[in-house]
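Residue strings, one per chain:
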Amino acid sequence: EGDDVLQDSSGWYYCNAVHAPICQPFFKAGYFNNYYIRTILGTDEGAPIPWMRVDETHFEKAKKILEAFDLVIPIDYLADALGSLQCALGPRYDVGLDGSPEGRYHWPTGRKPADVKRADCKFGKPQSHHDYERLELCELFNKHNYWDIQLYEWVLKRWRDWRAGRCRGGGYA
């Protein structure tokens, strides 16, 4: 914990393709450790946080930043957010509102909610070594991204409670 994963003493070097997401130079390997909170906090504050050291203080700061946005749309609800998006962009930007769900520009209207069971690593009883590896990777990912998961749950709750920014209702404020 807290070590620079790019200086792994095992000699394993996973950044042989610099364009790979895991080699994101902005945060080194922070890509897999609460990346969204790090990104919201920015390069000065988010990037230098050591591996596995994102904590509740960082989580609260990220929430404060998101509270200042006109609109925060959880990806699960993007299909329902055209009116709110128009509000946040203002009258100078036309997203194609025309009374139809998809608007003039045929925005996607289908929803594909997150598979909560899979996100919680509930795949059923492992049947093979691949199943065990998938379970282990899922559990490690969730452990290493605990605060990002908490932030997303907070965003979902705000959206469902109609508190996702001034434009959540879809009208102009």
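Scroll up to find the structure.
Keep in mind the model is a prediction, meaning the values are calculated, not measured. (Residues numbered from 1 in each chain as written. Predicted model: local features only at pLDDT ≥ 70, side-chain atom pairs only at ≥ 80, totals over all residues. Heavy atoms only, no water.)

K.L.:
Is there a simple way to explain the overall build of the protein chain in this structure?
P.N.:
Within the protein chain, the regular secondary structure consists of six helices and zero strands. Reading the secondary structure of the protein chain in the N-to-C direction produces α-α-α-α-α-α. Here the contacts in the protein chain between residues at least 6 apart in sequence split such that 49% fall between residues at least 24 apart. Within the structure as shown, the protein chain displays about 11,600 Å² of accessible surface, and the carbon and sulfur contribution to it stands at 56%. (Helix = DSSP H or I, 4+ residues; strand = E, 2+ residues; numbered from the N terminus. Contact = heavy atoms within 4.5 Å. Areas by Shrake-Rupley, 256 points an atom, 1.4 Å probe, with all protein chains shown as cover.)

K.L.:
In this structure, what is going on with the state of the cysteines? I would like to understand it.
P.N.:
This structure, assessed with the given rule, holds two disulfides. Paired through a disulfide, cysteine 87 and cysteine 167 show a sulfur-sulfur distance of 2.2 Å. Because the sign of the S-S torsion sets the handedness, a value of about -65 degrees for the bond joining cysteine 87 and cysteine 167 places this disulfide among the left-handed ones. A residue pair is termed long-range when its members are at least 10 positions apart, and cysteine 87 in helix 3 (residues 82-89) and cysteine 167 in the segment after helix 6 (146-160) qualify at 80 residues. The two residues cysteine 87 and cysteine 167 agree in class, both being buried. (Disulfide = S-S within 2.5 Å. Buried < 20%, exposed > 50% of the residue type's maximum accessible area, 1.4 Å probe, protein only.)

K.L.:
How should the nonpolar core be read in this particular structure?
P.N.:
Among soluble globular proteins, nonpolar side chains are generally buried collectively. Within the largest apolar cluster, twelve residues are counted, these being Ile37, Leu41, Ile49, Val54, Phe59, Ala62, Leu66, Val72, Trp147, Leu151, Trp154 and Val155. Residue contributions to this core peak at four residues, all from helix 6. Setting aside chain neighbours within four positions, we find tryptophan 147 in contact with Asn34, Ile37, Val54, Asp55, Glu56 and Phe59. Core analysis: the second largest hydrophobic core is formed by six residues, Ala81, Trp159, Ala164 and Cys167 among them. (Core = buried A, V, L, I, M, F, W, Y, C linked by side-chain atoms within 4.5 Å.)

K.L.:
Help me understand helix 1 (residues 35-45), please; the structure alone is not making it clear to me.
P.N.:
An α-helical turn contains 3.6 residues, so a residue and the one three or four places further along point in the same direction. Inspection of helix 1 places Tyr35, Ile37, Arg38, Leu41 and Gly42 among the buried residues, and these make up the whole buried set. Its buried side turned inward, helix 1 meets helix 2 (56-67) and helix 6.

K.L.:
It is not clear to me how helix 6 should be interpreted in this structure. Could you clarify?
P.N.:
The end-to-end C-alpha distance of helix 6 is 21 Å, a good match for the 21 Å that 15 residues give at a rise of 1.5 Å each. Buried residues belonging to helix 6 abut helix 1, helix 2 and helix 3. Remark: tryptophan 162 follows helix 6 within two positions and exhibits a positive phi of approximately 65 degrees. (Expected span 1.5 Å × (residues − 1).)

K.L.:
Even after reading the chapter, I still don't get the packing of helix 1 against helix 6, so can you show me in this structure?
P.N.:
In a packed pair of helices, the relevant descriptors are the angle between the two axes and the axis-to-axis distance. Closest axis-to-axis distance for the helix 1/helix 6 pair is 7 Å, and the angle between their directions is 75 degrees. Viewed along their axes, helix 1 and helix 6 adopt a mutual orientation that is roughly perpendicular. Residue-level inspection shows Tyr35, Tyr36, Ile37 and Ile40 of helix 1 in contact with helix 6, the latter providing Trp147, Asp148 and Leu151. The residue makeup of the contact of helix 1 with helix 6, split by class, is six nonpolar, no polar and one charged. (Axes fitted to C-alpha atoms, helices over the stretch in contact; angles between N-to-C directions. Parallel < 35°, antiparallel > 145°, perpendicular 65-115°, else oblique. Nonpolar A, V, L, I, M, F, W, Y, C, P; charged D, E, K, R; others polar.)

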